[in-house]
Amino acid sequence: MEAIPVPSRIHYELLLQLLEKKTILAVDYNTKQHEKVRELIVTVRKALALQKQFEESCKQANLPIEYQWSLNETEK
């Protein structure tokens, strides 16, 4: 059985660091833009949590997963 490709978790971490350390500081506090950035951060955190749940369900079903770093990885 082929491994199920999933994004490497580092991609989520990179997004979160960018949003939390740069983007949020670049917009004025108490503005619509600030609230949208907060929503983005929450959404990325939820996506990571959902991926972890998916990975756990695959593990329980004995389905292999493979972390992908890009779409350009060579086919096996």
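Keep in mind that this is a model prediction, so the values were computed, not measured.

**Q** It is not clear to me how the overall build of the protein chain should be interpreted in this structure. Could you clarify?
**A** Per the secondary structure count, the protein chain includes two helices and two strands. Each helix and strand of the protein chain, ordered N terminal to C terminal, gives the series β-α-α-β. Within the protein chain, the proportion of its 76 residues that are buried is 18%. Of the contacts made within the protein chain by residues no fewer than 6 positions apart, 70% connect residues no fewer than 24 positions apart. Total accessible area on the protein chain stands at roughly 6,300 Å², and carbon and sulfur atoms take up 57% of it.

**Q** Is there a simple way to explain the nonpolar core in this structure?
**A** By size, the foremost hydrophobic cluster in this structure holds eight residues: Tyr12, Leu16, Leu19, Ile24, Val37, Ile41, Val44 and Leu48. Going through the elements one at a time, helix H1 (9-26) and helix H2 (32-60) are the ones with two or more residues in this core. Those residues within four positions of Tyr12 in sequence are excluded, and the remaining contacts are Pro7, Val44, Ala47, Leu48 and Gln51.

**Q** Would you mind going over unusual backbone geometry with me for this structure?
**A** Leaving glycine out, the prevailing phi sign among residues is negative, and the prevailing peptide bond configuration is trans. Phi at Asn30 takes a positive value of approximately 60°, unusual for a residue other than glycine. The residue Asn62 is not glycine, and still its phi comes out positive at about 55°. Counting through the fold element by element, Asn62 comes out in the loop between H2 and strand S2 (65-68). Residue class for Asn62 comes out exposed when judged on its relative accessible area of 68%.

**Q** Would you explain the side chain of Glu55 in this entry?
**A** Tracing the backbone shows Glu55 in helix H2. At a separation of 2.3 Å, a polar atom in the side chain of Glu55 contacts the side chain of Arg9. Here Glu55 is in contact with Val6, Arg9, Ile65 and Tyr67, once residues within four sequence places are set aside.

**Q** I tried to follow the side chain of Ser8 on my own but got confused; where do I start?
**A** Tracing the backbone shows Ser8 in the loop between strand S1 (4-7) and H1. Looking at Ser8, the relative accessible area reads 6%, which means it is buried. In this structure Ser8 touches Tyr67, Gln68 and Trp69, once residues within four positions along its chain are discounted.

**Q** Help me understand H1 in this model?
**A** At 3.6 residues per turn, the α-helix brings residues three or four places apart onto the same side. If you check H1, its first and last C-alpha atoms are 25 Å apart, about what 18 residues at 1.5 Å a residue would give, namely 26 Å. Along H1, the largest kink reaches about 40° and is centred on Leu19. Looking at the buried side of H1, the elements it contacts are S1 and H2.

Rules of the game
- Numbers given to residues run from 1 along each chain, matching the order in which its sequence is written.
- Reporting in this predicted model follows two pLDDT cut-offs: at least 70 for local features of residues, and 80 or more for side-chain atom pairs to be given and counted; totals over whole chains, interfaces and linings ignore these cut-offs and use all residues.
- For side-chain calculations, the full set of non-hydrogen atoms in the structure is used, while hydrogens and water are omitted.
- Strands are runs of DSSP state E lasting at least two residues, helices are runs of H or I lasting at least four, and both sets are numbered from the N terminus onward.
- Three exposure classes are used, based on accessible area relative to the maximum for each residue type with a 1.4 Å probe and protein chains only: buried under 20%, partly exposed in between, and exposed over 50%.
- Any two residues whose heavy atoms approach within 4.5 Å are treated as being in contact.
- Reported accessibility uses the Shrake-Rupley method at a 1.4 Å probe radius. Residues are deemed covered only where the shown protein chains occlude them.
- Only buried residues count toward a nonpolar core, which is a set of Ala, Val, Leu, Ile, Met, Phe, Trp, Tyr and Cys residues joined through side-chain atoms within 4.5 Å.
- Nitrogen and oxygen atoms within 3.5 Å of one another constitute a polar contact, given that in protein one can donate a hydrogen and the other can accept it, and given that sequence-neighbouring residues count only through two side-chain atoms.
- In this analysis, the expected span of each helix is defined as 1.5 Å times one less than the number of residues it contains.
- Throughout, the bend at a residue refers to the angle made by two axes, fitted to the seven residues ending there and to the seven starting there.

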